[in-house]
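Architecture and fold: a report
Each chain, written out:
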Amino acid sequence: GPRSQLPLSAEFYAPVTIGALSQTSAFSFTPEIVVQDLRIAQPAWAGKGDFLKVTRASARLSIFDLLAGAPDPQSVSVTGLSSRRCRMMRTSSI
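What comes next is a walk through the structure. (Residues numbered from 1 in each chain as written. Predicted model: local features only at pLDDT ≥ 70, side-chain atom pairs only at ≥ 80, totals over all residues. Heavy atoms only, no water.)

**Overview of the overall build of the chain**
Each helix and strand in the chain was counted, giving two helices and five strands. For the chain, the succession of helices and strands along the chain, N to C, is β-α-β-β-β-α-β. Relative to its full complement of 94 residues, the chain shows a buried share of 24%. If you take every contact in the chain between residues at least 6 apart in sequence, the share linking residues at least 24 apart comes to 40%. Entry remark: accessible area of the chain is about 6,900 Å², with carbon and sulfur atoms responsible for 59%. (Helix = DSSP H or I, 4+ residues; strand = E, 2+ residues; numbered from the N terminus. Buried < 20%, exposed > 50% of the residue type's maximum accessible area, 1.4 Å probe, protein only. Contact = heavy atoms within 4.5 Å. Areas by Shrake-Rupley, 256 points an atom, 1.4 Å probe, with all protein chains shown as cover.)

**What to know about the packing of aromatic side chains**
Under the counting rule described, the total for this entry stands at one aromatic pair. Both rings, one in F29 and one in F64, keep their centres 5.2 Å apart while their planes meet at 20 degrees; by these two values the pair is stacked. A residue pair is termed long-range when its members are at least 10 positions apart, and F29 in the loop between β2 (16-23) and β3 (32-41) and F64 in helix α2 (residues 63-67) qualify at 35 residues. One exposure class covers both F29 and F64, and it is exposed. (Phe/Tyr/Trp six-rings, centres within 6.5 Å; stacked < 30°, edge-to-face > 60°.)

**Some thoughts on the pattern of salt bridges**
A full pass over the atoms with the stated rule returns two salt bridges. Measuring nitrogen to oxygen at the nearest pair gives 3.9 Å for the salt bridge that ties E32 to R60. In this pair, E32 sits in strand β3 while R60 sits in strand β4 (residues 50-60), placing the two residues 28 residues apart along the sequence. Looking at R60, the relative accessible area reads 28%, which means it is partly exposed. (Salt bridge = Lys/Arg side-chain N within 4 Å of Asp/Glu carboxyl O.)

**Examining the pairing of β4**
Where β3 lies against β4, nine bridges are found, and the strand directions are antiparallel. Within the sheet, the bridge partner assigned to E32 lies in β4 and is R60. Two elements, β4 and strand β5 (residues 75-83), share eight bridges in a ladder whose sense is antiparallel. Paired with A59 across the bridge in β5 is V76. (Pairing = 2+ DSSP bridges.)

**Details of the environment of I18**
Of note, I18 is situated in strand β2. Separated by 17 residues in the primary sequence, I18 and V35 have C-alpha atoms spaced 7.1 Å apart.

**Some thoughts on the layout of surface pockets**
The gaps left among the atoms become clear once a water-sized probe is rolled over them. Put simply, the largest pocket is a space of about 270 Å³. Together, 16 residues line the largest pocket, and L21, V35, L38, A57 and S58 are the ones closest to its centre. Going through the elements one at a time, α1 (6-12), β2, β3, β4 and β5 are the ones with two or more residues in the lining of the largest pocket. When its residues are assigned to classes, the lining of the largest pocket shows 15 nonpolar, one polar and no charged. (1 Å grid on protein atoms, 1.4 Å probe; cavity = no way out; pocket = protein on both sides within 12 Å on 5 of 7 lines; lining within 4 Å. Points joined across faces, edges and corners; volume = space filled by probe spheres on them. Nonpolar A, V, L, I, M, F, W, Y, C, P; charged D, E, K, R; others polar.)

Printed below as a string of structure tokens:
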């Protein structure tokens, strides 16, 4: 099942889960990295539901760019994207 991704959860202040993470070719200088079933929940203060859901996302990257610390995707593809574009912060009245 999906695993919690704690570093990403801390970045978004909300639970993040990734169903699967893989690459399409084991021996390539430009592998395609695939993320499936990505979900970023709304933070607790914004209410229930998901901020972002992605069925599948992939990016083709040069391994040399990754090793140099400067990833520059050659191609990116996203399917099944849904998002809530507005997050409202709850405040108390004085």
